[in-house]
Structure formats: structure tokens, C-alpha cells
Amino acid sequence: MSRKKTLSRKKQLALLAGAAALVAGTAVVMTGTSQASVACDGLATALSNNEQFIAGQRANPDAQSDARIANREAVIEQIKRQQAASGCDAGAPPEDVAAPPAEGSAPPADEAAPPAEGGAGEGAVGEVVCAGSTVTLSGEGGAPAASSGEFPVGTQLKVTNLDNSKSTTVEVTSASGSCALLNNAAFEQVREPGKFLIRNARIERVG
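Reading the values: the criteria
- Residues numbered from 1 in each chain as written.
- Predicted model: local features only at pLDDT ≥ 70, side-chain atom pairs only at ≥ 80, totals over all residues.
- Heavy atoms only, no water.
- Pairing = 2+ DSSP bridges.
- Helix = DSSP H or I, 4+ residues; strand = E, 2+ residues; numbered from the N terminus.
- Core = buried A, V, L, I, M, F, W, Y, C linked by side-chain atoms within 4.5 Å.
- Buried < 20%, exposed > 50% of the residue type's maximum accessible area, 1.4 Å probe, protein only.
- Contact = heavy atoms within 4.5 Å.
- Polar contact = N/O pair within 3.5 Å; in protein donor to acceptor, adjacent residues only side chain to side chain.
- Disulfide = S-S within 2.5 Å.

### Some details on the sheet that holds strand β1 (residues 127–129)
So, step 1. Ordered by their spatial adjacency, six strands build an open sheet running β1-β8-β4-β5-β3-β6, and the pairing between neighbours is mixed. Lying at the two open borders of the sheet, with one neighbouring strand each, are β1 and β6 (181–182).
So, step 2. Across three bridges, strand β3 (residues 146–148) lies against strand β5 (residues 166–175) in parallel orientation. Residue pairing for β5: alanine 146 is matched across the bridge by valine 172.

### A short note on the nonpolar core
So, step 1. Core analysis: the biggest nonpolar cluster contains 30 residues, and Val135, Leu182 and Ile203 have the highest contact counts within it.
So, step 2. The set of elements that each furnish at least two residues to this core consists of α1 (2–59), α2 (65–86), β4 (156–161), β5, α3 (184–190) and β8 (201–205).
So, step 3. Ranked by the residues each element gives to this core, the list is headed by α1, at five residues.
So, step 4. Residues in contact with valine 135, not counting those within four places in the same chain, are Val159, Ala180, Leu182, Phe187, Leu197, Ile198, Ala201 and Ile203.

### Structural notes on the pairing of β8
So, step 1. Counting buried positions along β8 yields four of five residues, so the element is predominantly enclosed.
So, step 2. Both β1 and β8 contribute to a ladder of three bridges, which runs antiparallel. In the strand pairing of β8, valine 129 is matched with isoleucine 203.
So, step 3. Bridge analysis of β4 against β8 gives five bridges, and the strand direction is antiparallel. Opposite threonine 160, over in β8, you have arginine 202 as the bridge partner.

### Looking at the side chain of serine 133
So, step 1. Note on placement: serine 133 falls in the loop between β1 and β2 (135–136).
So, step 2. Within the structure, the side chain of serine 133 is placed 3.0 Å from the backbone oxygen of cysteine 130, a separation counted as a polar contact.

### Focus: the state of the cysteines
So, step 1. Per the counting criterion, the structure on display carries two disulfides.
So, step 2. Two residues, cysteine 40 and cysteine 88, share a disulfide whose sulfurs are 2.0 Å apart. Residues cysteine 40 and cysteine 88 are joined through a disulfide that is left-handed, its torsion about the S-S bond being -85°. In this pair, cysteine 40 sits in helix α1 while cysteine 88 sits in the loop between α2 and β1, placing the two residues 48 residues apart along the sequence.
So, step 3. Overall, cysteine 40 belongs to the buried group, its relative accessible area being 16%.

Below, the structure written as C-alpha cells:
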């Protein structure tokens with residue numbers, strides 16, 4: 001009888017250990033899935049921004065349009081490679097992401113927030129613009145910079161990630177379909193690990 005009871009207890013402990021391992025494994029999978037979803041949303045938004053920019057250049061071409069389109073097509077190919085490496089569905093639209101503002105549009109005056117204090121390491125305070133806009137990356141290399149469909153080349157924009165209080169001030173060096181689209185170097189200065197989209201951003205024009 002004693003032996004049977006001992007074996008029974010061992011079986012119970014083994015079952016409990018197996019159940020705990022299953023729960024832990026499920027939690028890891030759910031966490032990984034959530035992080036992958038955020039990354040895929042950011043990549044999908046970056047892809048959409050670049051595709052909209054190309055469409056705009058083709059609709060209203062100028063002397064530099066061919067060069068800009070070629071550059072953005074290269075960026076799109078890089079984003080698609082990142083999507084494939086991350087296991088993203090390239091055809092799926094990003095979830096819960098506001099569409100980028102149209103070229104030349106500006107937020108209503110009553111939506112603009114008052115200038116706020118600068119983020120960590122950034123003392124400049126400017127006019128808050130494009131209230132409610134999300135910020136993602138263009139996939140372009142080079143020194144920290146931004147592209148914009150709202151502001152001309154040479155404009156200084158300060159982008160703050162309100163989720164981690166990190167900010168960067170960069171110059172607009174090219175056009176895009178977004179209020180502010182950061183290149184890889186600028187995005188690295190304000191991003192949260194593993195994320196390709198800043199949902200809670202403050203964009204200020206400081207020059």
C-alpha cells in the first residue's frame with residue numbers, strides 16, 4: 001500500500017509540473033506574438049507611407065521624381081525583406097494605425113496642443129504640429145534625418161516618443177506622405193526595443 005501511495009504522489013507531481021510548463025509556454029508564445037504584431041504593424045505602415053509617396057511623385061512628377069521613386073522602391077524592397085524575416089503578412093493592413101495626413105493638409109487649430117517641455121537630452125521647445133500623428137521609419141540609412149509631406153526641406157522637427165520620453169531633433173531632407181517619417185538612425189534614437197511604430201508621439205517644429 002505504501003508503494004502505491006508513493007507512486008500516486010509522484011504521478012500527481014509530474015502532472016502538476018507538466019501543467020505549469022504548458023502555461024509558461026503559452027505565456028511566452030502570447031508575448032512573442034504580441035511583440036511580432038507591433039513590429040509588423042510598424043513595417044506595414046512604413047511600406048504604405050513609401051507607396052503613397054511614390055504614387056504622389058508619379059501623379060505630380062518633377063525633374064527629381066525618377067530619382068526619388070528609385071530610392072523609395074529600394075526602401076520598399078528592404079521593408080519587404082524585413083517583413084519576410086519577421087514572418088509578417090505583407091498584404092495585411094496595420095492594425096489600429098491612423099492613416100498618414102494628406103499632402104499639404106494641416107491639423108485643425110483646435111487639435112493642436114500647446115508647446116510642451118522637451119524630452120530627455122533635448123532642450124528645444126517648438127510649435128506642436130500634426131497632433132495625433134503616429135511616427136514610423138522610412139528604412140533609409142544615413143545620418144539622423146526626416147522626410148515630410150507637411151514641411152519643406154531644411155525644417156527642423158523635434159520628435160518625442162511619449163512612451164519612453166526619448167526625443168530627437170532632425171532636419172527634413174526629403175519629401176514623404178507623412179507629417180514626419182524618420183530614417184533608421186533617427187528612429188533608433190527614440191524607439192522602444194522591438195517596435196517599428198511610435199503610436200504616442202509629439203512632433204514639434206523648432207526651426
